[in-house]
Amino acid sequence: MAGYDAESGGAGRGLDGLPVMALSVRESCRLDADGVIETLRPHEAAGYLAREPHLIVSRPAAARRLNLSEFQAFDLLELYAFVRPARYCLPTLGGLMKALSLDLPVATLEDQCMAMRAVAERLLAEAGSEIWRYRAGAERVASMMARAGWAWGPMVMGAVRRFPDHSRDDGLRVWTALPEWEDMGPPPPPGDDPVDPASSESRLAELLGDASETREGQRRFAAAATHSFRPREMEGGPNMQILEAGTGTGKTLGYIAPASLWAETNGAPVWLSTFTKNLQRQLDQELSRLYPDPVRKARKAVIRKGRENYACLLNIEETLTAVMQRGALPLGGGADRDSVLMGLVVRWARFTRDGDMIGGDFPSWLGAHFGAARIAGLTDRRGECLYAACQHYRRCYIERAARKARHADLVVANHALTIAQAANRYGDPDLPKRLVFDEGHHLFDAADSAFAVALTGLEGAELRRWIRGKESGGATRARGLRNRIEELIADDADAKALLDGVLEAARVLPSDGWASRVAGAAAMTRFETFLMEVRAVVLARANNVEFGLAVEAGVATPPPALLSAAGQLAEALSGLARPMVALAASLLARLDEDADILETGDRGRLEVAARSLKLRAEMVKSWTEMLLSLGGTVPDIFVDWFELDRVDGRERDVGMRRHFIDPTKPLADMVFTPAHGVLVTSATLRDRAADKDGDGWAGVDLRSGAKHLPVVSRRLAVPSPFDYAAQTRVIVVNDVNRMDAAQVASAYRELFLASGGGGLGLFTAIKRLKATWDKIAGPMEEAGLPLYAQHVDPIDTATLVDIFRDDPHACLLGTDAVRDGVDVPGESLRLLVLDRVPWPRPTLLHKARRDAFGGTAYDDMQTRMKLAQGFGRLIRRAGDRGVFVILDARTPTRLLEGLPEGVVAERLGLAAAIASVREFFGR
């Protein structure tokens, strides 16, 4: 490819001289520079792309489909990300056309080639327009990307130079263009006035508007939810309301109504917590009803996530500096992908709403283009923030969001952040006192993750990096503890000595390359020796080692070598925890002793550093307790085990794990008890089939943590308004051999064809998902039904669901993560097929809980809930219709009792099931 000429503004061919390539599973179409159309087989298409850059959509998708390694291309998605930064777009040709308001035929591959050229023309014309809203800094960034070999560089430079940016904006130093946040005074103490049911119903009516129909269930929900927004009557006893609201009830607005009233009346935020990023996004959309003015909404409603989700400006600056120092590539060379990525990142960083790179307005599909790890490295995923010592502190996205949250009315968070904040800041009077947990059926799992302890190689290496920072070569920007606090303790000899002690003691933790040393029996530290002995025990005792999956072993009767290694590591970890605790105490003492001279920024840094040290010291103490319990008795509230984690046969982590058997106990103690009001809601909370003599609430108390509170929770179940018996059909296919991959794949293919698309296939194993995709993708595409798959398509799960939702003819294959994140109303999801009954995975943790919570009844309850949640994905609106199919003849009837009343499952052979699907959809 011709090189870039900075003086001329771009050299080489124009858009009309570019060949275009449209790809499908079995064939591709090429439109050459002379307008000649050619149909190609996969190997022929791969040859063309390897020899010459083509205009395509999604370079990673093309590489996967044609089994190509790195190659140059004019990728329309990269051009879109430059021209329209921070603007949503599905990473498909249809998504690009929709974003650009282009209505062109795309039925054939030839049509698609012509449409792709039209998309490129529109984007380049936009960049060359006098009224282009994203002009700021574009020329400088495009110049850098062109010099790095970006295929689009010369054309983009030619476009943006038609109307030069006279602001002399550097473009690359994006942090200089961002506004600084300003601190506001501390909010006054919150009021405690109640919200009454009538007021909540009135607010709900305002949100719905005059044109909306009244839904009795939604009205009852909004009235009942007010219990969580009344003054509590005893310390440690929050007003807890558990609300099961069937699909279609409208529970989101049902709790927004009383929550917004309480926040407005009492001058304090209510936290609305979800489990999936998809629901966070939906909540953000619903809040536009409450705050139609975008400026007011930005002030009143804030989305909060963990620090690891937000772009770190210092990481962006350091990465950009590193790639710039490498200089331009020789003419004719391949593109420097790091430079191209950073160009797109700084374009986004200038125009983003809130700096959220994981689930926000950052184009998540760029992870497939440039590597998800590179993008994750631009966030503060390891807690290495310098806070006020950072030159970008006053412009930091995270700090801005945190300050907005303190003065907002509604804060939309996720369960992980909400639980972590309450646990890590236990006793803090500024913590939110009113909490709403939507997707409440996930609270058990969220608490399980939050309160678990992992004494593993990855966790140990992460702690070492946090303490010691970068210790070897490579691109890591890890900033150690000394970088973060040495300036604060420069005049305190005792604190400096403690810091030196922490850094020295941390040498026991695993360092770079630990995994290969552990696997090769060449451990360098006590920690690595312990991991080496754990690995040996797991391989000796575990079942199914040969399958290349994660394997476990119990901790009973550990061999002498492992006990010896554990004892030595416990001693070393105690030696690490002591100076960490002492240093944290020293930092806190400075806050008191130097209160009259410390600047605000320094106070914040001291407080954060002390809290971070204490939290990590508590983790190290937990590790020590686990080690000392080996060979003895594990406390009966815990279950411990050894684990060797593997992915596709590759060892990823090894170590010892500890979980609460009932994680809702710490959830109740640390999160619920300090609150004044808690609302837990979901469409699927009760398991009526498990409670023959009752109404299913006993299991809800178990899974939510309500049983651990000193006050009795209030409960209400609001049924769905849908007629499931008329709108759905449930089929158990009884003649497909679930062990035969070919039979399972054929069943999926024929069922998807029978429904005409709109099919979601859920699998309990990734291997079976991939095998099915391999067998049916071609026939599906030939029938005009695009097939997408998690773990196959190089696209994140949320975006895959968006693509699936956008096309009523598409089908999608996925695992549990897809089931939990799907909200697809209308025809786009009308058929849901499970390959097997989703029994709980038989792990040592599950065995302990099974023994504690009722044996096989616990298994049945978990499986019924999964089936009910999957079934609930089908009908999202009054006009929806859908078929639920299980390809497992061994499905027990008792597991189907969790489906809505009136729904009766049919047991049919595959041929009859296919005919039934066709008949149901009138095909």
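Peer 1: Can you help me understand the overall build of the protein chain in this one?
Peer 2: What the protein chain contains, in helices and strands, is 36 helices and 23 strands. Its C-alpha atoms put the protein chain at 75 × 75 × 65 Å along the principal axes. For the protein chain, with 923 residues in total, the buried portion stands at 56%. Sequence separation of at least 24 residues holds for 74% of the intrachain contacts in the protein chain that already meet a minimum separation of 6.

Peer 1: Explain the nonpolar core here, please?
Peer 2: Burial of nonpolar side chains together is a common tendency in soluble globular proteins. One finds Leu76, Phe82, Val119, Trp152, Val156 and Ile316 to be the most contacted residues of the largest nonpolar core, which totals 78 residues. Tallying contributions element by element places helix α5 (residues 109-127) first for this core, with 9 residues. Each residue touching Val156, except ones within four places of it in the same chain, is listed here: Leu79, Phe82, Leu124, Ala142 and Trp150.

Peer 1: It is not clear to me how the sheet that holds strand β12 (residues 551-553) should be interpreted in this structure. Could you clarify?
Peer 2: Strand pairs in the sheet, formed through backbone hydrogen bonds, run parallel or antiparallel to each other. Strand order in this open sheet of 4 strands is β11-β14-β13-β12, and the pairing throughout is antiparallel. Among the strands making up the open sheet, the edge pair consists of β11 (453-456) and β12. On average, each strand axis in the sheet is tilted by 25 degrees relative to the strand beside it, whichever way the strands run. Where β12 meets strand β13 (residues 638-647), 3 bridges bridge the pair, whose relative direction is antiparallel. Directly across from Val551, in β13, lies its bridge partner Leu644.

Peer 1: I'm lost on the pairing of strand β18 (residues 759-762) in this one. Help?
Peer 2: Successive side chains on a regular strand alternate, one facing one side of the sheet and the next facing the other. Burial of β18 is two-sided: the residues Gly759 and Gly761 facing one way and the residues Leu760 and Leu762 facing the other way are all buried. For β18 and strand β20 (residues 811-814), the ladder comprises 4 bridges, and the chain directions are parallel. Residue Gly761 lies in a different strand from β20, and its bridge partner there is Leu813. Pairing of β18 with strand β21 (residues 831-834), which is carried by 4 bridges, proceeds in the parallel orientation. Opposite Leu762, over in β21, you have Leu834 as the bridge partner.

Peer 1: Hey, could you run me through the sheet that holds strand β8 (residues 301-303) in this one?
Peer 2: Judged by pairing direction, the sheet is parallel, and its 7 strands sit side by side in the order β8-β9-β7-β10-β15-β6-β16 without closing on themselves. In the strand order of this sheet, the two ends are held by β8 and β16 (714-718), each with one partner. Neighbour to neighbour, the strand axes of the sheet diverge by 15 degrees on average, direction disregarded. Bridging between strand β7 (residues 270-274) and strand β10 (residues 434-437) involves 3 bridges; their strand directions are parallel. Pairing of Ser273 across the sheet is with Phe437, part of β10.

Peer 1: For this particular structure, what's the right way to read empty space enclosed by the protein?
Peer 2: Over the atoms, a rolling probe the size of a water molecule traces out where space has been left empty. For the coordinates displayed, the defined rule picks out 4 cavities of 30 Å³ or more. The calculated volume of the largest cavity comes to roughly 150 Å³. Around the largest cavity, the lining is made up of 16 residues, and of these Cys312, Leu313, Cys385, Cys390 and Cys396 lie nearest the centre. Elements with a minimum of two residues in the lining of the largest cavity: α13 (313-325) and α17 (397-407). When its residues are assigned to classes, the lining of the largest cavity shows 10 nonpolar, 1 polar and 5 charged. What the second largest cavity holds in volume is close to 100 Å³. Along the walls of the second largest cavity sit 14 residues, with Leu762, Asp816, Arg819, Leu834 and Pro838 positioned nearest its centre. Going through the elements one at a time, α33 (816-821) and α35 (856-871) are the ones with two or more residues in the lining of the second largest cavity. With 3 residues, α35 is the single largest residue contributor to the lining of the second largest cavity.

Peer 1: I would appreciate a short explanation of helix α22 (residues 493-505) in the present structure.
Peer 2: Because each turn of an α-helix spans 3.6 residues, side chains separated by three or four positions end up pointing in the same direction. Taking 1.5 Å per residue as the helical rise, α22 with its 13 residues ought to reach 18 Å, and the 18 Å between its terminal C-alpha atoms agrees with that figure. Of the residues making up α22, those classed as buried are Ala495, Leu499, Val502, Leu503 and Ala505. Of the surrounding elements, those touching the buried residues of α22 are α20 (457-468), α21 (481-485) and α25 (560-593). In this structure Asp492 caps α22, since a side-chain oxygen of it lies 3.2 Å from the backbone nitrogen of Asp494.

Peer 1: Would you explain the state of the cysteines in this entry?
Peer 2: Should the sulfur atoms of two cysteines be covalently bonded, the bond is a disulfide. Under the defined criterion, the tally for this structure stands at 0 disulfides. For the unlinked cysteine Cys390, the closest cysteine sulfur is that of Cys312, found at 6.1 Å. According to the relative accessible area criterion, Cys390 is buried, its value standing at 14%.

Peer 1: So what exactly am I meant to see when it comes to the packing of α20 against helix α26 (residues 600-629) here?
Peer 2: Between two packed helices, the angle of one axis relative to the other and the distance separating the axes together describe the packing. Relative to each other, α20 and α26 sit at 150 degrees, their axes nearing to 12 Å. Regarding α20 and α26, the two cross each other, and that crossing is left-handed. From α20, Glu459, Gly460, Leu463 and Trp466 reach across to α26, where they touch Ser612, Leu613, Arg616, Met619, Val620 and Trp623. Looking at the contact of α20 with α26 residue by residue, the classes come out as 6 nonpolar, 2 polar and 2 charged.

Peer 1: Please explain the packing of helix α30 (residues 741-755) against helix α36 (residues 910-920) as it appears in this structure.
Peer 2: Interaxial distance between α30 and α36 falls to 8 Å at its minimum, and their mutual angle equals 20 degrees. When the interaxial angle is binned, α30 and α36 end up roughly parallel. The hand of the α30/α36 crossing is right-handed. Where α30 approaches α36, its residues Ala747, Glu750, Leu751, Ala754 and Ser755 are matched on the opposing element by Leu910, Ala913, Ile914, Val917 and Arg918. Each residue belonging to the contact of α30 with α36 can be placed in one class, and the counts come to 7 nonpolar, 1 polar and 2 charged.

Peer 1: What is the right way to look at the pattern of salt bridges in this model?
Peer 2: Oppositely charged side chains can form a pair if their charged atoms are brought close together. By the definition in use, this model includes 59 salt bridges. Where Asp192 meets Arg434, a salt bridge forms, and the shortest distance between an N and an O atom there is 2.8 Å. With Asp192 in the loop between α7 (153-160) and α8 (197-208) and Arg434 in strand β10, this pair connects stretches of sequence that are 242 residues apart. Asp192 sits in the partly exposed class, given a relative accessible area of 32%.

Peer 1: Can you help me understand the environment of Pro42 in this one?
Peer 2: Its place among the elements puts Pro42 in helix α1 (residues 42-51). Along the chain, Pro42 and Arg650 lie 608 residues apart, while their C-alpha atoms are 30 Å from each other.

Peer 1: Is there a simple way to explain the packing of aromatic side chains in this structure?
Peer 2: For any pair of aromatic rings, geometry is given as the distance between the ring centres together with the angle between the planes. Enumeration over the complete set of coordinates arrives at 16 aromatic pairs. Centre to centre, the rings of Phe437 and Phe672 are 5.9 Å apart; their planes meet at 65 degrees, and the pair counts as edge-to-face. Taken as a pair, Phe437 in strand β10 and Phe672 in helix α27 (residues 664-672) lie far apart in primary sequence, 235 residues in all. The same class applies to Phe437 and to Phe672, which are both buried. Each ring, one from Phe853 and one from Tyr858, has its centre 5.5 Å from the other, and the planes form 55 degrees; the classification is tilted. Looking at Phe853, the relative accessible area reads 18%, which means it is buried. We classify Tyr858 as buried; its relative accessible area is 5%. Of the aromatic side chains, those joined through ring pairs into one cluster are Phe722, Tyr724, Phe871 and Phe884. Over the face of the ring belonging to Trp181 we find Arg403, whose NZ or CZ atom lies 3.8 Å from the ring centre.

Peer 1: What exactly am I supposed to notice about the environment of Glu52 here?
Peer 2: By the element assignment, Glu52 lies in the loop between α1 and β4 (55-56). At a separation of 3.5 Å, a polar atom in the side chain of Glu52 contacts the side chain of Arg30.

Peer 1: Looking at this structure, I do not really get the side chain of His676. What am I missing?
Peer 2: For His676, the position within the fold is in the loop between α27 and β15 (677-682). A distance of 3.5 Å separates polar atoms of two side chains, one belonging to His676 and the other to Arg232. Ignoring any residue separated from it by four or fewer positions in sequence, one finds His676 in contact with Arg232, Pro238, Asn239, Lys433 and Arg434.

Peer 1: Explain the confidence of the model for the protein chain to me, please; I cannot follow it from the model alone.
Peer 2: Scored by pLDDT, the protein chain comes out at a mean of 91, with 96% of its residues at no less than 70. Taken together, the stretch residues 1-12 has pLDDT below 50 and engages in 30 contacts with residues farther than four places along the chain or on a different chain. Segment residues 329-333: pLDDT under 50, and 8 contacts once partners within four positions in sequence are set aside and those in other chains are kept.

Peer 1: Sorry if this is basic, but what is going on with the side chain of His846 here?
Peer 2: The topology assignment puts His846 in helix α34 (residues 844-852). Of the residues examined, His846 reaches a relative accessible area of 11% and is grouped as buried. Contact partners of His846, with chain neighbours within four places excluded, come to Pro840, Arg841, Tyr858, Asp859 and Gln862.

The rules behind each value
- Residues numbered from 1 in each chain as written.
- Predicted model: local features only at pLDDT ≥ 70, side-chain atom pairs only at ≥ 80, totals over all residues.
- Heavy atoms only, no water.
- Helix = DSSP H or I, 4+ residues; strand = E, 2+ residues; numbered from the N terminus.
- Buried < 20%, exposed > 50% of the residue type's maximum accessible area, 1.4 Å probe, protein only.
- Contact = heavy atoms within 4.5 Å.
- Core = buried A, V, L, I, M, F, W, Y, C linked by side-chain atoms within 4.5 Å.
- Pairing = 2+ DSSP bridges.
- Axes fitted to C-alpha atoms, helices over the stretch in contact; angles between N-to-C directions.
- 1 Å grid on protein atoms, 1.4 Å probe; cavity = no way out; pocket = protein on both sides within 12 Å on 5 of 7 lines; lining within 4 Å.
- Points joined across faces, edges and corners; volume = space filled by probe spheres on them.
- Nonpolar A, V, L, I, M, F, W, Y, C, P; charged D, E, K, R; others polar.
- Expected span 1.5 Å × (residues − 1).
- Polar contact = N/O pair within 3.5 Å; in protein donor to acceptor, adjacent residues only side chain to side chain.
- Disulfide = S-S within 2.5 Å.
- Left-handed = near helix turned anticlockwise from the far one by under 90°.
- Parallel < 35°, antiparallel > 145°, perpendicular 65-115°, else oblique.
- Salt bridge = Lys/Arg side-chain N within 4 Å of Asp/Glu carboxyl O.
- Phe/Tyr/Trp six-rings, centres within 6.5 Å; stacked < 30°, edge-to-face > 60°.
- Lys NZ or Arg CZ within 6 Å of the ring centre and 35° of its normal.
- pLDDT = per-residue confidence, 0-100.

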